[in-house]
Amino acid sequence: MQFIFKRLMHSDAQADRVVPPSGFTAQLTLFAAGSMAFLAVFALALSLAAGRLATQWGEELARSATIRIAAPDEQQQAQTNAALRILETTKGVAQARALSDEEQAALLAPWFGSELQLDALPVPRLIEVIETSDGMDAAGLRLRLAAEVPGAVLDDHSRWRGPLVQAASRLRLLGWASIILIAAVTAAMVTLAANAALAANAQVIAVLRLVGATDDYIAHAFIRRFTLRALIGAAAGMVLGMIAVLFMPRGGDETASFLTGLGFQGVHWLVPLLIPPLAAAVAFAATRLAARRTLEGLS
Amino acid sequence: MIELENVAYSYGGGELLSDISLKLAPGSFHFLTGPSGSGKTTLMKLCYGALLPTAGHVRLFERDVRTLTRDDVALLRRRVGVVHQDCQFLDHLPVAENIALPLHVSGRSAEAQGEDLSDLMHWVGLTERATATPPELSGGERQRAALARAVIMSPDVVLADEPTGNVDWDMSQRLLRLLIELNRMGKTVLVATHDLSLIRATKSHVQARVLRIANRRIQLAGADL
C-alpha cells in the first residue's frame, strides 16, 4: 500500500501530461469503480451482520436449554424438584430455575389469550437452564433425567439452532465471496479500460519509446491515471453506500429480525474505509499488468 | 559508435538485407541511399535498436544489441537522436514541450525551462511556433521540430531517415545545413535519402561518405555522384 502511494506521488505532473486526457472513458472508469464500491459496501454490511448473527445466535442458544416436565398433577412438583436437584449437580449448568405459573401464562398468552386458567389445563412445568460458557453434556443429562425424572424432556435448542447458525454462516461466506467477485470484476474492468487506453495511445507510446522513455515511465503515466480514477470513484461509491446503510430502517431486537440488523456496528463502520485504497491497489496491479504486456510487444 | 558486422535482416519471406558490414566512426557524416524499398529504413532501425538483425552482429556503443534489455534500449536512445520521415509527436502538447520531451522522459525536466530550449527553438526557426500543436505545423516545420527533438539531449549520433521527404528544396537545404552544423559540433550523422541532388549539394560543404544499398548489400559509392 505504502509502496503504491509512494510510486504515485513520485511521478511528476509532466509524466501525467504525456498521455492525452480522455473525457468519456475516464468517467466510465470512475462510474464503474464507484458502483463496485457501492456494492462492496453492501456485501460488507451483509457479511458483517451475518457474522454477528451467527456468533450471537450460536452463543446465546448454545447456552440455554429447557426442560419440560410433563407429569400427573400430584407428581409434578416432586419431579420438578428432582430435576432441579439433578441440574444442581450437573457440570456446565450455571443456573436452573423453574418458571412460575405467571411466567408460563405469559408465554402461553400469545397462543391462548390471557383469559386462560392455567390450573384447568395439564400444562407441563418448564425449567430454564442457563449453561456456563463451557457448555454441558446434554446426552449425559438426558440419561440421568430419564432414570430419575420420567416426565422430563430436555430440549437444548440444538435442533432448530443448528440450521439458523449454519444459514447465517453461509450468508457471511456468500458476502465475502461477493466482495472477492467485486474486486475481480473491478480488476477486469480496469484491465479492459487500460487496454483500450493503451491501444488508443499507440502513437504516444511509439513517440515516447523513440525519445528514450523507459517502459516504467510510459506504464506509469497510465497506471497513475487509472489508480487515481479507481480511488476517487471508489471513494464516492463508498460514501454513498455508507449513507445508504446509515439510513436503513432499524429497530427491534437484532436477533429477532435479520433485516433491521443489516448494517455496521461500532468499529465495523471503519471497515468500508478500506474499499477505496483496495480498489486503487487492484487498479494499480491491473493497469501495470496490462501496460507491461502491451509494452513488451513493442520495439 | 555503431558497428554492423555481416548483418542480415529478413521480413518473413525473403532477405531484405544481407552481409552488411558498416562502421560509423565518431564525427563522421554518412549518406545512405538506394531505391525506395531497398531497406534504408530497416538499416536505420537496426542502428537504433528498433529491430534486431536476423543474422550477424550489431554493436551500439560497444554493446551487442542482443544483450540489451528494454531499459538499455531506452537509455541508448537518449544517446541517439532519430528523425523519421513521417515524424510523430504528442499531438496534444505544444511544440516546445514536444521538443523538450526527451528531457522530461529522462528525468531532466528542470532543463526544459532553460535557455538551451529557446536557443534550440531559435536554431530551427520555430520560436514563433512554440505554442502551436504539432498538427498545426507545416511539413517543413514538423521536420525541423523533429530534428530539434532529436538533438536536445545532445546525442552522440543523429540518424535522419528521409528528413527532407515532404519538404521543398529550400527547406531541405535548410535542414541539411542544420545537420552539417551538428556534424561540425562533433556528432556522428547518418542521413538516409533517395534524393541524389541533395547529396551532391551537400558534398561541397562536408566530408560525407555515401553508402548505397543495392542487391541487398551495401556499397561505398564512388565519385560518380
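Report follows, based on the coordinates. Every chain is numbered independently, its residues counted from 1 as its sequence is written. Labels follow written order: the first chain is A, the first ligand is 1, and so on. Reporting in this predicted model follows two pLDDT cut-offs: at least 70 for local features of residues, and 80 or more for side-chain atom pairs to be given and counted; totals over whole chains, interfaces and linings ignore these cut-offs and use all residues. Based on all heavy atoms of the structure, the side-chain values leave hydrogens and waters out of the count.

### Some words on the overall build of chain B
Numbering of helices and strands starts at the N terminus; helices are DSSP runs of H or I of at least 4 residues and strands are runs of E of at least 2. Looking only at helices and strands, chain B features eight helices and ten strands. In this treatment the radius of gyration is a C-alpha quantity, and the globule benchmark scales as 2.2 Å times the residue count to the 0.38 power. For chain B, the C-alpha radius of gyration of 17 Å lies close to 17 Å, the compact-globule estimate for 225 residues. Structurally, chain B occupies a C-alpha span of about 45 × 40 × 30 Å along its principal axes. For chain B, with 225 residues in total, the buried portion stands at 56%. Note on definitions: a residue-residue contact is assigned when non-hydrogen atoms from the two residues lie within 4.5 Å. For chain B, the proportion of contacts with a sequence separation of at least 24, taken over those separated by at least 6, is 69%. Here Asp and Glu are counted as negative and Lys and Arg as positive; His is not counted, and neither are the chain ends. Think of each charge as sitting on NZ of Lys, CZ of Arg, CG of Asp or CD of Glu. Counting 25 positive and 26 negative side-chain charges, chain B places the averaged centre of each group 5 Å from the other. Here's how the labels work: a residue is buried when its accessible area is under 20% of the maximum for its type, exposed when over 50%, partly exposed in between, all with a 1.4 Å probe on protein chains only.

### Quick look at the interface of chain A and chain B
The accessible area lost on association of the parts is a frequent measure of interface size. Taken together, the contact between chain A and chain B spans 24 residues of the former and 24 residues of the latter. Looking at the side of chain A facing chain B, the largest losses of area belong to Arg209, Leu210 and Val211 of chain A, adding up to 30% of the total buried there. Between arginine 17 of chain A and glutamate 97 of chain B there is a salt bridge, with the nearest N and O atoms lying 2.3 Å from each other. As used in this structure description, the phrase polar contact means that two N or O atoms lie within 3.5 Å; if the pair is within protein, one of them must be able to donate a hydrogen and the other to accept it, and residues adjacent in sequence are counted only when both atoms belong to side chains. At the surface where chain A touches chain B, the tally comes to nine residue pairs in polar contact (both at pLDDT 80 or more). Element by element, the count of residues in the side of chain A that touches chain B is highest for helix α8 (residues 202-210) of chain A, at seven residues. Note on residue classes: Ala, Val, Leu, Ile, Met, Phe, Trp, Tyr, Cys and Pro are nonpolar, Asp, Glu, Lys and Arg are charged, and everything else, Gly too, is polar. For the side of chain A that touches chain B, the per-class residue count stands at 14 nonpolar, five polar and five charged. The buried area of a pairing is the accessible area, by a 1.4 Å probe, that goes missing from both parts when the two are put together, added over both. One side-chain nitrogen of Lys or Arg within 4 Å of one carboxyl oxygen of Asp or Glu is enough to make a salt bridge.

### So, the sheet that holds strand β8 (residues 188-192) of chain B
Residues and elements named next belong to chain B. Note: two strands are recorded as paired if DSSP finds a minimum of 2 bridges between them. Read from one edge of the open sheet, six strands run β6-β7-β8-β3-β9-β10, paired in mixed fashion. Each edge of the sheet is formed by a strand with only one pairing partner; in this case those strands are β6 (80-83) and β10 (217-220). Looking at each pair of strands side by side, their axes are set apart by 20° on average, direction ignored. Summarising the sheet, strand β3 (residues 29-33) and strand β9 (residues 208-214) pair through five bridges and their orientation is parallel. If you follow phenylalanine 29 over to β9, its bridge partner there is alanine 208. Fitted lines through C-alpha atoms serve as axes, helices being fitted only where they are in contact, and the angles separating the N-to-C directions of these axes extend from 0 to 180 degrees. Seen against the sheet, helix α1 (residues 40-47) touches β3, β7 (157-161), β8, β9 and β10 and runs at an angle of roughly 155° to β7. Packed on one face of the sheet, helix α8 (residues 196-203) meets β3 and β9 and runs near 165° to β3.

### Examining the pairing of strand β2 (residues 15-24) of chain B
Residues and elements named next belong to chain B. Where strand β1 (residues 2-10) and β2 come together, six bridges link them in antiparallel fashion. The residue bridging glutamate 3 from the neighbouring strand is lysine 23, located in β2. With antiparallel pairing between neighbouring strands as the criterion, β1 and β2 make up a hairpin whose turn holds four residues, including glycine 12 at a positive phi of roughly 45°.

### A word on the sheet that holds strand β4 (residues 55-60) of chain B
All names here are of chain B. Strand order in the open sheet formed by four strands is β2-β1-β4-β5, with antiparallel pairing between adjacent strands. Taken across any chain shown, the strands that pair with only one partner, and hence form the sheet edges, are β2 and β5 (63-64). Summarising the sheet, β1 and β4 pair through five bridges and their orientation is antiparallel. Looking at β4, one finds that leucine 4 is bridged to valine 58.

### Here we look at the packing of α8 of chain A against helix α9 (residues 215-246) of chain A
Residues and elements named next belong to chain A. Running from amino to carboxyl end, α8 crosses α9 at an angle of 150°, the nearest separation of the two axes being 10 Å. Here α8 is positioned roughly antiparallel relative to α9, judged by the angle of their axes. Taken as a pair, α8 and α9 cross one another with a handedness that is right-handed. Within the contact between the two elements, α8 uses Ile205, Leu208 and Arg209 and α9 uses Asp215, Tyr217, Ile218 and Phe222. The residue makeup of the contact of α8 with α9, split by class, is five nonpolar, no polar and two charged. Angle categories are assigned with fixed cut-offs, so that under 35 degrees is roughly parallel, over 145 is roughly antiparallel, 65 to 115 is roughly perpendicular, and the rest are oblique. Put simply, a crossing is left-handed when the front helix is turned counterclockwise from the back one by less than a right angle, and right-handed when it is turned clockwise.

### What to know about a nonpolar patch on the surface
Residue and element names in this part refer to chain A. A surface patch of nonpolar side chains, about 510 Å² in accessible area, is lined by Val239, Leu240, Ile243, Leu246 and Phe247. By secondary structure assignment, the location of phenylalanine 247 is in the loop between α9 and α10 (275-296). Here phenylalanine 247 falls in the exposed class, since its relative accessible area comes to 65%. Patches in this entry comprise residues that are over 30% relatively accessible and not in a salt bridge; like charges within 9 Å are linked, as are nonpolar side chains (Val, Leu, Ile, Met, Phe, Trp, Tyr) within 5 Å. Accessible surface area values rest on a Shrake-Rupley calculation with a 1.4 Å probe, where residue burial reflects the displayed protein chains alone.

### Let's talk about the nonpolar core
Residues and elements named next belong to chain B. What makes a nonpolar core is a set of buried Ala, Val, Leu, Ile, Met, Phe, Trp, Tyr and Cys residues whose side-chain atoms join them at distances within 4.5 Å. Residues Phe29, Ile99, Leu147 and Leu179 are the most contacted members of the largest nonpolar core, which totals 44 residues. Take this core: its biggest share by element is seven residues, from helix α7 (residues 169-184). Setting aside anything within four residues of it in sequence, one finds leucine 179 in contact with Phe29, Leu147, Val158, Ala160, Pro163, Val189 and Val191. Leu51, Val58, Val80 and Leu211 belong to the second-largest nonpolar core, a separate cluster that totals 34 residues.

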